[in-house]
Amino acid sequence: MTTYADRYAASLMNTFGPPKLTLVRGEGAHVWDADGREYVDLLGGIAVNALGHAHPALVAAVTEQLQTLGHVSNFFTSEPQIVLAERLLALLDGGPGKVFFTNSGTEANEAAFKLTRRTGRTHVVVAEHSFHGRTMGALALTSKAAYREPFEPLPGHVTWVPYGDPQALADAVTDETAAVLLEPIQGEAGVNVAPDGYLAAARRTADEHGALLWFDEVQSGMGRTGRWFAHHAHDVTPDVVTLAKGLGGGFPIGACIGLGTAGDLLEPGNHGTTFGGNPVACAAALAVVATIEADGLLEHAAVLGAKLRDGLAADARVAEVRGEGLLVGLSLTEPKAAEVAAEALAAGFVVNNATPDRIRLAPPLVLTDDDAASFLAAWPTILDGAFA
Ligand SMILES: Cc1ncc(COP(=O)(O)O)c(C=O)c1O
């Protein structure tokens with residue numbers, strides 16, 4: 001009998017390597033594979049399934065919107081698009097601004113990159129170990145050379161600086177710099193949290209040179225850290241914020257948000273998208289925002305995340321635990337992250353080996369105390385297997 005793995009290999013481009021499982025169903029923070037095996041999902045589609053799987057509020061919002069009005073072209077607008085833009089601007093607390101909706105994080109960054117070009121400058125300063133996406137523009141800003149090099153030439157004039165070092169940033173930014181781009185927490189790198197004062201220093205440096213300050217909150221935003229946006233821990237107002245992942249709770253949607261005058265840089269004809277801002281995706285995002293608020297998921301993420309970090313750190317094979325809320329990263333004492341992820345999966349838990357020695361967790365914000373406790377109970381045995 002041909003397996004799903006064989007059929008996948010025969011029919012899908014090999015950009016991701018072989019899939020670990022074929023999943024057929026999900027509920028809350030649990031998923032089931034094609035053999036009927038259940039897993040606790042501690043990755044949430046990589047920080048996407050904010051409300052877990054098959055959340056009734058999300059299902060209802062999408063269903064209702066699709067039954068009412070599924071898509072309009074950008075010659076028209078729809079109420080969900082306008083309401084969502086207003087909600088996001090209000091959540092950002094940044095005063096007036098403007099939103100451009102996309103379908104993914106890379107597209108949100110692509111839009112923001114084009115927005116920065118409208119300043120008349122081209123230089124962008126970005127952090128080492130950053131990840132901003134895979135389109136040619138977003139890729140040009142992504143730090144990992146192995147991702148970029150096969151596709152060069154890419155848009156240039158990018159300088160990478162060590163993350164968390166305000167002096168390196170100050171040295172790199174000039175009067176030619178269009179934007180400073182930072183993740184308030186670097187997700188793909190295995191969860192690096194901006195040190196205290198770093199984002200504020202970035203704001204000062206950008207201001208000194210008339211550059212835009214752009215935060216990529218594609219992974220860290222929308223409640224994941226126990227705050228609506230990770231940069232809210234730092235009392236800094238950026239000019240540009242990009243979002244995706246958790247915004248739609250699993251329905252594809254991203255956003256490029258320009259605050260203040262940055263919201264007016266893109267003009268008619270400068271950018272566009274067929275699907276971006278479609279009513280169904282916006283209705284999904286509105287349901288995510290409403291549910292996070294109604295169910296107190298910001299506080300839940302903060303409290304449960306702290307418990308998870310404490311529990312994970314208790315084992316001597318864990319060198320360091322980082323993160324905020326339910327964006328959690330840990331470094332192992334040995335480069336055994338792939339083994340840990342494999343042992344965890346065999347034990348019924350989905351986790352991610354972000355780097356050879358780093359594990360990342362980005363579970364649904366609806367992860368229950370019991371789900372977290374079951375993982376912490378299994379953790380020493382998972383490490384035993386991986387370090388054997
Ligand atoms: C910080 C950050 N920016 C951008 C992206 C790209 O988003 P997408 O995969 O939705 O295109 C990611 C994806 O992991 C991300 O973590």
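Residues numbered from 1 in each chain as written. Predicted model: local features only at pLDDT ≥ 70, side-chain atom pairs only at ≥ 80, totals over all residues. Heavy atoms only, no water.

Asker: Is there a simple way to think about the overall build of the chain in this case?
Answerer: Each helix and strand in the chain was counted, giving 13 helices and 17 strands. Against the compact-globule benchmark of 21 Å for 388 residues, the chain has a radius of gyration of 21 Å, which places it among compact chains. Here the chain holds 388 residues, and 53% of them are scored as buried. Sequence separation of at least 24 residues holds for 70% of the intrachain contacts in the chain that already meet a minimum separation of 6. Accessible surface computed for the chain: about 16,700 Å², of which carbon and sulfur atoms make up 55%. Averaging the locations of the 25 positively and 45 negatively charged side chains of the chain gives two centres separated by 3 Å. (Helix = DSSP H or I, 4+ residues; strand = E, 2+ residues; numbered from the N terminus. Rg over C-alpha atoms; globule rule 2.2 N^0.38 Å. Buried < 20%, exposed > 50% of the residue type's maximum accessible area, 1.4 Å probe, protein only. Contact = heavy atoms within 4.5 Å. Areas by Shrake-Rupley, 256 points an atom, 1.4 Å probe, with all protein chains shown as cover. Lys, Arg positive; Asp, Glu negative; His and termini not counted. Charge placed at Lys NZ, Arg CZ, Asp CG, Glu CD.)

Asker: Sorry, what's going on with the site of the ligand here?
Answerer: Around the ligand sit 13 residues in total, of which Gly105, Thr106, Asp216, Gln219 and Lys245 are the nearest. With respect to the ligand, the side chain of Glu188 contributes an N or O atom lying 3.4 Å from an oxygen atom. In the environment of the ligand, a nitrogen atom lies 2.7 Å from a nitrogen or oxygen atom belonging to the side chain of Asp216. Protein contact buries 83% of the 390 Å² of open area that the ligand shows by itself. Considered class by class, the residues forming the shell around the ligand number two nonpolar, seven polar and four charged. (Near = heavy atom within 4 Å. Polar contact = N/O pair within 3.5 Å; in protein donor to acceptor, adjacent residues only side chain to side chain. Nonpolar A, V, L, I, M, F, W, Y, C, P; charged D, E, K, R; others polar.)

Asker: Whenever I open this one, helix H4 (residues 79-92) confuses me. Can you help?
Answerer: The periodicity of an α-helix, 3.6 residues per turn, causes residues three or four places apart in sequence to face the same way. With 14 residues, H4 should reach 20 Å at 1.5 Å per residue; the first-to-last C-alpha distance of 20 Å fits that figure. Those residues of H4 that are buried lie in contact with helix H3 (56-68), strand E4 (97-102), strand E11 (240-243), strand E12 (254-259) and helix H10 (279-294). Where H4 terminates, the next one or two residues include Asp93, which has phi positive at roughly 55 degrees. (Expected span 1.5 Å × (residues − 1).)

Asker: Where do I start with the nonpolar core in this structure?
Answerer: Nonpolar side chains tend to gather and get buried jointly when the protein is soluble and globular. The biggest cluster of nonpolar side chains holds 64 residues, and the ones touching the most others in it are Leu88, Leu243, Ile257, Val340, Leu361, Phe375 and Trp379. With nine residues, H10 is the single largest residue contributor to this core. Discounting chain neighbours no more than four positions away, the residues touching Val340 are Leu332, Ile359, Trp379, Ile382, Leu383, Ala386 and Phe387. (Core = buried A, V, L, I, M, F, W, Y, C linked by side-chain atoms within 4.5 Å.)

Asker: What should I look at first to understand the packing of aromatic side chains in this one?
Answerer: Note on aromatic pairs: each is described by the distance of the centres and the angle between the planes. For the structure shown, the criterion picks out four aromatic pairs. Aromatic side chains Tyr163 and Tyr198 sit 5.5 Å apart centroid to centroid with 75 degrees between the ring planes, which places their arrangement in the edge-to-face category. Separated by 35 residues along the polypeptide, Tyr163 in the loop between strand E6 (158-161) and helix H8 (166-172) and Tyr198 in helix H9 (residues 198-209) bring together distant segments of the chain. Note on Tyr163: relative accessible area 17%, which makes it buried. For the ring pair Phe375 and Trp379, a centre distance of 5.6 Å and an interplane angle of 50 degrees mean the geometry is tilted. Note that Phe375 and Trp379 are positioned in helix H13 (residues 369-387) at a spacing of four residues, about one turn of the helix. Neither residue differs from the other here; Phe375 and Trp379 are each classed as buried. Cluster of aromatic residues (ring-pair linked, three or more members): Phe349, Phe375 and Trp379. Positioned above the aromatic ring of Trp32, the side-chain terminus of Arg25 is 3.9 Å from the ring centre. Between Arg317 and the ring centre of Phe387, over which it is positioned, the NZ or CZ distance is 5.8 Å. (Phe/Tyr/Trp six-rings, centres within 6.5 Å; stacked < 30°, edge-to-face > 60°. Lys NZ or Arg CZ within 6 Å of the ring centre and 35° of its normal.)

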